[in-house]
Amino acid sequence: MMRLLPLLLLLCTLTAFAQSHTIYHLEPANWWVGMKYHQVELMVHGDNISATQPHIAYPGVKILSVVKTDNPNYVFVTIDIAANTKPGKFPIEFQLNGETQSRFEYALFEREKNSAQRQGFSAKDAIYLITPDRFANGNPANDAMPGLTEQPDRAYKGGRHGGDIAGMMQHLDYIASMGFTQIWPNPLTENNQPRYSYHGYAATNLYLIDARYGTNDDFKRFVQKAKQKGIGVIQDIVLNHIGSEHWWMKDLPASDWLNFQSAPEFTNHRRTTVQDPYADTRDKELFVNGWFVNSMPDLNQRNPQMANYLIQNSLWWIEYAGLSGVREDTYGYADEKFLSRWAKAIMDEYPRFNIVGEEWSTNPAVVAHWQRGKENKSGHVSHMPSVMDFPIHETLRHVLVEEESWDKGFVRLYEMLANDFVYADPFNLVVFPENHDTSRIYSVLNEDMDLFKTAMIYSATMRGIPQFYYGSEVLLTSPKERDDGAVRADMPGGWKDDSKNAFTGKGLTSKEKDAQLFMKTLLSWRKKSEVIHRGHLRHYAPEKGVYVYVRYLDNKAVMVLLNKNKQDTTHSLGAYKEFLNGKKTMRDVLANKKIAVSDSLVLPAKTSLVLEIQ
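Numbers given for residues are sequential positions, taken from 1 along each chain in its written order. Given that the model is predicted, a residue must reach a pLDDT of at least 70 before its local features are reported, and side-chain atom pairs must reach 80 or more before they are shown or counted; all residues, however, enter totals for whole chains, interfaces and linings. Just so you know, side-chain values use all the structure's heavy atoms and leave hydrogens and water out.

Enquirer: Is there a simple way to explain the overall build of the protein in this structure?
Expert: Put simply, DSSP H or I for four residues or longer makes a helix, DSSP E for two residues or longer makes a strand, and each gets a number counted from the N terminus. The number of helices and strands found in the protein is 16 helices and 26 strands. Radius of gyration here uses only the C-alpha atoms, and the compact-globule reference equals 2.2 Å multiplied by the residue count raised to the power 0.38. On C-alpha atoms alone, the protein measures out to a radius of gyration of 27 Å, which is about the 25 Å that the 2.2 N^0.38 rule sets for 614 residues. In the protein, which comprises 614 residues, the share counted as buried stands at 59%. Working rule for contacts: check all heavy atoms of both residues, and any pair within 4.5 Å makes them a contact. Of the contacts made within the protein by residues no fewer than 6 positions apart, 72% connect residues no fewer than 24 positions apart. In this description, accessible areas are obtained by the Shrake-Rupley approach with a 1.4 Å probe, and a residue is regarded as covered only by the protein chains that are shown. Only carbon and sulfur atoms are counted for the fraction: they give 52% of the accessible area of the protein, which is about 25400 Å². For the charge count, each Lys or Arg is scored as positive and each Asp or Glu as negative, with His and the chain ends excluded. To locate a charge, the coordinates of NZ of Lys, CZ of Arg, CG of Asp or CD of Glu are taken. Distance from the positive charge centre (68 side chains) to the negative charge centre (72 side chains) of the protein: 6 Å. Categorising residues by exposure relies on relative accessible area from a 1.4 Å probe, with only protein chains included: less than 20% of the type maximum marks a residue as buried, more than 50% marks it as exposed, and the intermediate range marks it as partly exposed.

Set out below in structure tokens:
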């Protein structure tokens, strides 16, 4: 027995030693062969894992570098995947003194055919923005899930209501029938925050779909089903911050993983500082590095491992799910050099892809700074093809409720559009009347149906890519002042016992049915209109409450007349002879009737027209 004690002690010691190198996370857990981005940096998190050495024995895969941080529980392993590597699985072993302490089975997958040449969203599309928790509850069984702290509370406008991926999938036919060709859901990644987790912008795991929405496989299946209906999916990605309950926060990978890591300071939101030649360094630092709120730690993309992690995460989701686009949140708040590298990596991998960034500024010069092709005096080189057109968004919402005068009303929209000279590609901007962060357009317009239709016509026919918010088509309302929970109200009919159902028409008022049919008619026409997709733009100085622009391509043209007048108005057509000469009729797209071309046109009170010149 005495002779066995040393052996037992030795075995116990070895067991404890092995357990001290347990791997908790290895991300990304897989990659693909044939990617242009073939050198992948793996984040490995485990007990004292930096004391080990990684080993791989798989044809075509080799370890290029191993980077340790000041936290011994992390090691970053860069692997190179040769062009001729075969798909398959292999172990990554973590050894100490030649003995394997831990292992992780890694997978290399084959890419989908033509994955690199996928077509991103474009001016051919109409985007349908959905807040998933508020759209439809397709699977009530996942409303509350083990390990996720916030429980469902549909009675609370700031709580979780139960909408999910299954709900979106069940209504793909409805979305397609309305004429939408892209879906942009607010973030679906895990947000295991104690409250206000429904909006999705405080991620706690960047590689995992929140279980209350479904699984990673569910999301992938949703994208595939949408494609079958002719609909692409745009993923909402956040590079600037995470949620305070992210698993990193319990064991940060490095002492500079976050900005203001030891003592958080908060952003001043002074977005002009990025380009301002007179800006104080401290003001710029606070804008870029400051936290939004305590629950959203700000990421330091100047840390090279953090930068690699975020780039790879975006590429991973695009390849895994089969995305047709990315919407990037709070774009200008992240490090400029990193943003350039991030977008370039995506566009190098997918040359026909599209990315739209959120720069919430009403100043076109500030927004234009971030679009690909813009020559910036600062030297910043952007590779992001699109940006959200907040200047047009804000202007549209204001001018429609203003009285017309020489310097107010439509003239302000006319002059804002004239700022397009500052953009590298204004026809790739995303135009929108509202989104998840703004009050509902119908409410802003004092629930005036005619003005609502004018706003929708403008958004659908103006240069760029239109984006609409779920529920607009049935006139969802909100307070005029920002109220997130109210703006992100439940879609009628998305829950089993709803008395009103936007998907079937049950319980809708005549006004709501009219709005829905109007949107369906407008977007179904737009879907087939090459002039709107690719056409040039000419606009004319507003006169007497009427603003006119023409989209034209080759020998085709569409004339849009926006009219705010409260009485019937006779509008001269003399200014548009270039497009009308030799033409006998125009087709009113929304009323589906022909109009004879003459010297003038009578516009019914507060009625805006879309006319195909035939």
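Enquirer: How should the sheet that holds strand E3 (residues 39-46) be read in this particular structure?
Expert: What holds strands together in a sheet is hydrogen bonding between their backbones, with the strands either parallel or antiparallel. We call two strands paired when DSSP finds no fewer than two bridges between them. Strand order across the open sheet formed by four strands is E1-E3-E6-E5, with antiparallel pairing between neighbours. Edge positions in the open sheet fall to strand E1 (23-27) and strand E5 (61-68), since each of these has one partner strand only. Here the strands of the sheet are splayed against their neighbours by 25° on average, with no regard to which way each runs. The pairing of E5 with strand E6 (residues 74-81) spans seven bridges and is antiparallel. What sits directly across from Lys68, in E6, is Val75. Axis definition: a line fitted to C-alpha atoms, limited for helices to the stretch in contact. Angles are taken between N-to-C directions and run from 0 to 180 degrees. On top of the sheet, helix H6 (residues 304-321) reaches E1, E3, E5 and E6; it is set at about 110° to E3, its chief contact.

Enquirer: Please clarify how the nonpolar core should be interpreted in this entry.
Expert: Looking at soluble globular proteins, one finds that nonpolar side chains tend to be buried together. Core analysis: the largest hydrophobic core is formed by 165 residues, its most contacted members being Trp31, Phe135, Phe219, Trp248, Trp342 and Tyr458. With eleven residues, the top contributor of residues to this core is H6. Contact partners of Tyr458, with chain neighbours within four places excluded, come to Ile392, Leu396, Leu413, Leu417, Tyr547, Tyr549 and Leu562. Only buried residues count toward a nonpolar core. Its members are Ala, Val, Leu, Ile, Met, Phe, Trp, Tyr and Cys residues joined through side-chain atoms within 4.5 Å.

Enquirer: Which parts of the structure should I look at to understand helix H12 (residues 449-461)?
Expert: Since the α-helix advances by 3.6 residues per turn, residues separated by three or four positions end up pointing in the same direction. To estimate the expected span of a helix, count its residues, drop one, and scale the result by 1.5 Å. If you check H12, its first and last C-alpha atoms are 18 Å apart, about what 13 residues at 1.5 Å a residue would give, namely 18 Å. Buried residues of H12: Met449, Leu451, Phe452, Thr454, Ala455, Met456, Ile457, Tyr458, Ser459, Ala460 and Thr461, and no others. You can read the cap of H12 off the contacts: a side-chain oxygen lies 2.9 Å from the backbone nitrogen of Asp450, and it is on Asp448. In protein, a polar contact means a hydrogen-donor-capable atom and an acceptor-capable atom, both N or O and within 3.5 Å, with residues adjacent in sequence counting only if both atoms are side-chain atoms; elsewhere, any N or O pair within 3.5 Å suffices.

Enquirer: Any chance you could explain the pattern of salt bridges here in plain terms?
Expert: Salt bridges are defined by distance alone: a side-chain nitrogen of Lys or Arg within 4 Å of a carboxyl oxygen of Asp or Glu. All chains considered together, the criterion is met by 34 salt bridges. With a shortest N-O distance of 3.3 Å, Arg327 and Glu358 are connected by a salt bridge. One end of the pair, Arg327, is in strand E14 (residues 325-329); the other, Glu358, is in the loop between strand E15 (355-357) and helix H8 (364-368), and 31 residues separate them in sequence. Judged by relative accessible area, which is 1%, Arg327 ranks as buried. By relative accessible area, which is 5% here, Glu358 ends up buried. For Arg534, the salt bridge identified is with Glu530, shortest N-O distance 2.6 Å. Here Arg534 pairs with Glu530, and both are found in helix H15 (residues 530-534), just four residues apart, close to one helical turn.

Enquirer: For this particular structure, what's the right way to read the packing of aromatic side chains?
Expert: Aromatic rings in a pair are described by how distant their centres are and how their planes are angled relative to each other. Aromatic pairs are defined between Phe, Tyr and Trp rings, using the six-membered ring for Trp, whenever the two ring centres lie within 6.5 Å; interplanar angles under 30 degrees are classed as stacked, those over 60 as edge-to-face, and all others as tilted. As enumerated under the stated definition, the model contains 37 aromatic pairs in all. Between Tyr156 and Tyr196 the ring centres are 6.2 Å apart and the planes differ by 50°, which places this aromatic pair in the tilted class. In this pair, Tyr156 sits in the loop between strand E9 (127-130) and helix H2 (165-170) while Tyr196 sits in the loop between strand E11 (189-190) and strand E12 (205-209), placing the two residues 40 residues apart along the sequence. In this structure Tyr156 comes out as partly exposed when scored by relative accessible area, which is 36%. Since its relative accessible area comes to 44%, Tyr196 is described here as partly exposed. We call a charge positioned above a ring when the Lys NZ or Arg CZ atom is no farther than 6 Å from the ring centre and deviates by at most 35 degrees from the ring normal. Note that Lys564 overlies the ring of Phe410, its terminal NZ or CZ placed 5.2 Å from the centroid.

Enquirer: How should I be thinking about the sheet that holds strand E20 (residues 546-553) in this particular structure?
Expert: Ordered by their spatial adjacency, six strands build an open sheet running E19-E20-E21-E26-E23-E24, and the pairing between neighbours is antiparallel. Of all the strands in the sheet, just strand E19 (536-543) and strand E24 (593-596) have a single pairing partner and so form its edges. Adjacent strand axes in the sheet meet at a mean angle of 25° when their direction is disregarded. Sheet topology note: the strand E23 (residues 585-588)/E24 ladder contains four bridges and is antiparallel. Considered in E24, the bridge of Met586 is made with Ile595. The strands touched by H12 within the sheet are E20, strand E21 (556-563) and strand E26 (609-613), with E21 carrying the most contacts at an inclination of about 150°.

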